[in-house]
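# Overview (structure and organization)
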Amino acid sequence: MKTDIQIAQEAVMLPIKEVAEKIGLKEDDIELYGKYKAKISNEYYDSIKDKEDGKLILVTAINPTPAGEGKTTVTVGLGEAFGQLDKKAVIALREPSLGPCFGIKGGAAGGGYAQVVPMEDLNLHFTGDFHAITSANNLLAAMLDNSIQQGNELNIDPNQVVWKRCVDINDRVLRNIVVGLGRKVDGVVREDHFVITVASEIMAILCLATDYADLKDRLGKIIVAYTYDGKPVTAKDVKAVGSMAVLLKDAMKPNLIQTLEHTPALVHGGPFANIAHGCNSVKATKTALKMADYVITEAGFGADLGAEKFLDIKCRKAGLKPDCVVLVATVRALKYNGGVPKENLSEENVEALKKGIVNLEKHIENLQQFGVPVVVTLNQFITDTEAEYEFIKNFCEERGCEFALAEVWAKGGEGGVALAKKVIETIETKPSNYAPLYPDDMPIKEKIETVAKKIYGADGVTYSPEAEKAIATIEGLGYGDYPVCMAKTQYSLSDDMSKLGRPTGFTINIREVYISAGAGFVVAITGSIMTMPGLSKTPAAFGIDLTDDGKIQGLF
């Protein structure tokens, strides 16, 4: 069996100019990054912005398990399947972070014969967007510290600096550090912190900004510190906005690549879904909607995280209306939720399936609360049985969901045709009545509790004293109408990763709350979630290598 990277390296790619031509892009509309990657110019979107939007399809999943779900694989395969049906389709994805690539999760280009390529480029430096975000984030940090050092005219309290530095690598020792050690000229001594780049507010801003003016406005609103008398200090106050915008100039432009079957894919932005809002950029999604009749996008991790944030934050902020949601599961993952050990998942076990399918059931209920029609698909494995398929199909249809198998890993677009037909039928027969879960004017604690109770199934919410104080401060500053971005483990509907299936009888604990004023949301951190991951004892980096003739091995 070939690995994903072997399949990707054997692919015959079209020059990106030819892929661009398929969706009406002329040579002047793209900026080439080598032969197989390009950015789309700002002028191009301006030229098509008055066109009618295509249909927007969100792909999400049940809670991730060690058995694997293959959400990106299904997203890519579904896009390829639309091509098989001669439908004009574009895929819109997030860019992968280097952290998981060298950590434990691996790359994020899909898998098997449903991948976007060039796979190695995408998973590594790509077009430099993440490096630009890292640089802009750390420039702001440097200018903030310099403002304190050079007389502190803004009256910044060094103990109330909230802006963190970032790096796109899992590095736990940087979570809590001390800076400014040495001589007086080396800066003011204070505690500092790092987050991974995909958790930086600048990543969220890049993904929500619509143009350069909006980008600069959002950058200027970033709260970086508080004064001795408790007033917020912004990036605009430390005069960092113009320089940050310059670093982000090219990163704002969506990236164009292709699938193994040459379906166009816009891959842009990459906030994590467990510690950020988990969706690709608004600019890429809106551009794709003007290019194609169908746009297939995804949101990170399970529907309790990525889909909730897509529907409550991205769609609310950008005025998007999804027409259909595809909910991905696997037989193996559902049996794992039913208590089957990983080594026994290949055996037929309908009883375990009955126990574990409650996880899928909760995600179906959650998505239906937003008024969007749902299609459930199973990412097929060779060990699945007809009895297991039949049970899941009946279960979904009894709950008002359409159902189709996806064989895209093994067959590419051909294996997704049944799913694509089901999605088209659903869009044509079941209108979307999308609405966010809560109104803007609901108090912050009520928003948090609405998500916790309606999406996670919690009995209630508890708050640390620090979180209580932060919420009062945020509402006092006038940010109470912002949506909430919940930072929670991806492995469970609860904030305890060990609780599989559909947990009940639990509360969600909010230990920290802070405002991302530029992004336009309030972040609520639950449980022990970390904004800077660490490496495992045997990280994926151990198995990655470069051969003497320059060939990458072990990336995925």
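In case you missed it, the structure is sitting above this.
So, here is what we can say about the structure in this document. None of these values were measured; they are calculated from a predicted model.

### Regarding the sheet that holds strand β13 (residues 232-234)
Here we have three strands laid out as an open sheet, ordered β7-β12-β13, and antiparallel in their pairing. At either end of the open sheet lies a strand with only one pairing partner, and these are β7 (156-161) and β13. Across the sheet, the mean angle from the axis of one strand to that of its neighbour is 50°, orientation sign disregarded. Pairing of strand β12 (residues 223-227) with β13 involves three bridges; the strand directions are antiparallel. Considered in β13, the bridge of alanine 225 is made with valine 233. Lying over the sheet, helix α7 (residues 129-149) contacts β7 and β12, oriented at roughly 135° with respect to β7.

### Considerations on the sheet that holds strand β21 (residues 484-487)
Taken in spatial order, the four strands make up an open sheet running β20-β22-β23-β21, and their pairing is mixed. Here the strands that pair on one side only, and so sit at the sheet edges, are β20 (460-463) and β21. The mean angle between the axes of side-by-side strands here comes to 40°, regardless of whether they run parallel or antiparallel.

### Things to note about unusual backbone geometry
Following valine 117, the chain continues into proline 118 via a peptide bond in cis, with omega recorded as 10°. Although it is not a glycine, asparagine 152 sits at a positive phi angle of roughly 50°. Along the chain, asparagine 152 falls in the loop between α7 and β7. Since its relative accessible area comes to 18%, asparagine 152 is described here as buried. Here the phi dihedral of phenylalanine 301 falls at roughly 55°; this positive angle occurs in a residue that is not glycine.

### Some points on the side chain of threonine 227
By the secondary structure assignment, threonine 227 is in strand β12. For threonine 227, a relative accessible area of 7% gives the class buried. Sequence-distant contacts of threonine 227, defined by excluding residues within four places in its chain, comprise Leu154, Asn155, Ile156, Asp157, Gln160 and Val233.

### Overview of the pattern of salt bridges
Using the criterion set out here, one finds 31 salt bridges in the structure. Here arginine 165 ties to aspartate 145 by a salt bridge, and the two come within 2.9 Å at their closest N and O atoms. Here arginine 165 is found in strand β8 (residues 165-167), whereas its partner aspartate 145 is found in helix α7, with 20 residues between them in sequence. Arginine 165 gets classed as buried once you look at its relative accessible area, which sits at 18%. Its relative accessible area of 18% is what places aspartate 145 among the buried residues. It is possible to trace a salt-bridge network through shared partners that takes in Glu361, Glu365, Glu398, Arg399 and Arg502.

### Looking at the nonpolar core
Counting 142 residues, the largest nonpolar core has Leu219, Ile222, Leu360, Ile392, Ile448 and Ile510 as its most contacted members. Look past the residues within four positions of leucine 219 in its chain and what remains in contact with it is Ile202, Ile205, Ala235, Val241, Met244, Ala245 and Leu248. Judged by nonpolar contacts, the second largest core, of 42 residues, contains Met13, Leu78, Ala89 and Val408.

Cut-offs and rules
Residue numbering note: each chain is counted from 1, following its sequence as written. Totals for whole chains, interfaces and linings use every residue, but because this is a predicted model, local features are given only for residues with pLDDT of at least 70 and side-chain atom pairs only at 80 or more, for both listing and counting. Just so you know, side-chain values use all the structure's heavy atoms and leave hydrogens and water out. Should DSSP find at least two bridges between two strands, the strands are regarded as paired. Strands are runs of DSSP state E lasting at least 2 residues, helices are runs of H or I lasting at least 4, and numbering of each runs from the N terminus. For helices, the axis comes from a line fit to the C-alpha atoms of the stretch in contact; other axes are also lines fit to C-alpha atoms, and the angle between any two N-to-C directions lies between 0 and 180 degrees. Throughout, a contact is declared for two residues whenever any of their heavy atoms are within 4.5 Å. Think of it in three bands: residues with accessible area under 20% of the maximum for their type are buried, residues over 50% are exposed, and the middle band is partly exposed, with areas taken using a 1.4 Å probe on protein chains only. We count a salt bridge whenever a side-chain nitrogen from Lys or Arg sits within 4 Å of a carboxyl oxygen from Asp or Glu. Think of a nonpolar core as a cluster: buried Ala, Val, Leu, Ile, Met, Phe, Trp, Tyr and Cys residues, connected wherever their side-chain atoms sit within 4.5 Å.

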